[in-house]
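Residues per chain, in single letters:
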Amino acid sequence: MIRIELDEASLRATRIAISPLRDGSCARPTSRCRTDTLPGRTRSGWGRRARCGARTTGCARCGICSSRERGQVSDFLLPQPFGTVHVREELDALRATDHAFVREQVDVCYPGMADEPFVQPYLKDPEAACAALAEAYAAWWEGAIEPYWPTMRRLVEDEVLVRARTFATEGVDALFAGLETRGRWAPPVLELTKYIDVEYAPGERRLVLVPLVFAEGCRLYSTDDPEVVALSFQARGAAALREQQVSARRRGPARADARPGPRGRLSCASWADR
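Residues numbered from 1 in each chain as written. Predicted model: local features only at pLDDT ≥ 70, side-chain atom pairs only at ≥ 80, totals over all residues. Heavy atoms only, no water.

## A closer look at the overall build of the protein chain
Part 1 of the reasoning: In terms of helices and strands, the protein chain carries 13 helices and 8 strands.
Part 2 of the reasoning: Here the protein chain holds 274 residues, and the buried ones make up 52% of them.
Part 3 of the reasoning: Residue pairs in contact within the protein chain that sit at least 24 positions apart in sequence constitute 72% of those at least 6 positions apart.
Part 4 of the reasoning: For the protein chain, the exposed surface amounts to about 12,800 Å²; the carbon and sulfur share of it is 51%. (Helix = DSSP H or I, 4+ residues; strand = E, 2+ residues; numbered from the N terminus. Buried < 20%, exposed > 50% of the residue type's maximum accessible area, 1.4 Å probe, protein only. Contact = heavy atoms within 4.5 Å. Areas by Shrake-Rupley, 256 points an atom, 1.4 Å probe, with all protein chains shown as cover.)

Here it is, written out as structure tokens:
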């Protein structure tokens, strides 16, 4: 259980940040996934292409898939969100990750695993390993996510506006309502059900909320940063992306990615967690 106590100052410091890299990472199936047992979004033709892309873009060699299958992804593999709609800005931040931070996080997140194939490159040459990971992310993004990003961007930007307006007009209770299926807002504490057990006093960590189109089945709680706790949550209207995929299949391959899907605020609750 993660317990974050929020006083007035902490609530004023709470931010909502868009992260295309986190959305792209959550959209990528792990190598253990089987198409016939996955939710509808991954059984689609896009999902099958995504699985192929995950195997061919070098993600496995760079460790992100292996790390996700262990249920933990360190900030050196997926940097803290700072609020941008341009994935290349986040990839630049990944390439610039401090070498000492990489080695420190390996010790903290993967103790006793220095000989693991996915860990070794980050200990031997952190700069080259982070650059290779950024290139793998970029290849995955261009092949599987970029055609859909205009629709995804609209959805997460709309979510930021809705949450900000809700906070301003209805207060914090409404802001946290329905934010996280595994969370509970019991003023002044936000409780998140997770495999780690940690508590944060008021002012100890700043809360950053990250709306994702592909949050279902891939909740991210980032606690590596000494000043920030980043929490991902499901953006509303994500079913519009699935509608876009269906529409693309009907139009045929030549026009599959030509235009974004229809506007809508449909629920994505039916997408079961992996």
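## As for the sheet that holds strand β7 (residues 221–222)
Part 1 of the reasoning: Here 4 strands make up an open sheet; going across it, the order is β2-β6-β8-β7 and the pairing mixed. In this open sheet, the two strands that pair with only one neighbour each are β2 (15–16) and β7.
Part 2 of the reasoning: Pairing between β7 and strand β8 (residues 228–234): 2 bridges, direction antiparallel. For S222, the partnering residue across the bridge sits in β8 and is A230.
Part 3 of the reasoning: On top of the sheet, helix α2 (residues 20–27) reaches β6 (206–212), β7 and β8; it is set at about 55° to β6, its chief contact.
Part 4 of the reasoning: Along the sheet face, helix α11 (residues 149–170) touches β2, β6 and β8 and points at about 135° away from the line of β6. (Pairing = 2+ DSSP bridges. Axes fitted to C-alpha atoms, helices over the stretch in contact; angles between N-to-C directions.)

## Some words on the packing of helix α8 (residues 99–109) against helix α10 (residues 126–145)
Part 1 of the reasoning: Running from N to C, α8 and α10 point in directions that differ by 85°, and their axes come no closer than 9 Å. Taken together, the axes of α8 and α10 are roughly perpendicular relative to one another. Of the residues in α10, those touching α8 at H99, V102 and R103 are P126, E127 and C130.
Part 2 of the reasoning: In terms of residue class, the contact of α8 with α10 is made up of 3 nonpolar, 1 polar and 2 charged. (Parallel < 35°, antiparallel > 145°, perpendicular 65-115°, else oblique. Nonpolar A, V, L, I, M, F, W, Y, C, P; charged D, E, K, R; others polar.)

## Some points on the sheet that holds strand β5 (residues 198–200)
Part 1 of the reasoning: Strand order in the open sheet formed by 4 strands is β3-β4-β1-β5, with mixed pairing between adjacent strands. Edge strands, defined here as strands with exactly one partner in the open sheet, are β3 (183–186) and β5. Within the sheet, the average angular offset between the axes of one strand and its neighbour, ignoring direction, is 15°.
Part 2 of the reasoning: Across 4 bridges, the pairing between strand β1 (residues 2–5) and strand β4 (residues 189–192) is antiparallel. When the bridges of β4 are listed, I2 appears paired with L192.

## Points about the packing of aromatic side chains
Part 1 of the reasoning: Counted under the stated rule, the structure contains 5 aromatic pairs.
Part 2 of the reasoning: With a centroid separation of 4.8 Å and 50° between ring planes, the pair formed by F176 and W185 is classed as tilted. The same class applies to F176 and to W185, which are both buried.
Part 3 of the reasoning: Taken together, the aromatic side chains of F76, Y110, F118 and Y122 make up a single cluster linked through ring pairs. (Phe/Tyr/Trp six-rings, centres within 6.5 Å; stacked < 30°, edge-to-face > 60°.)

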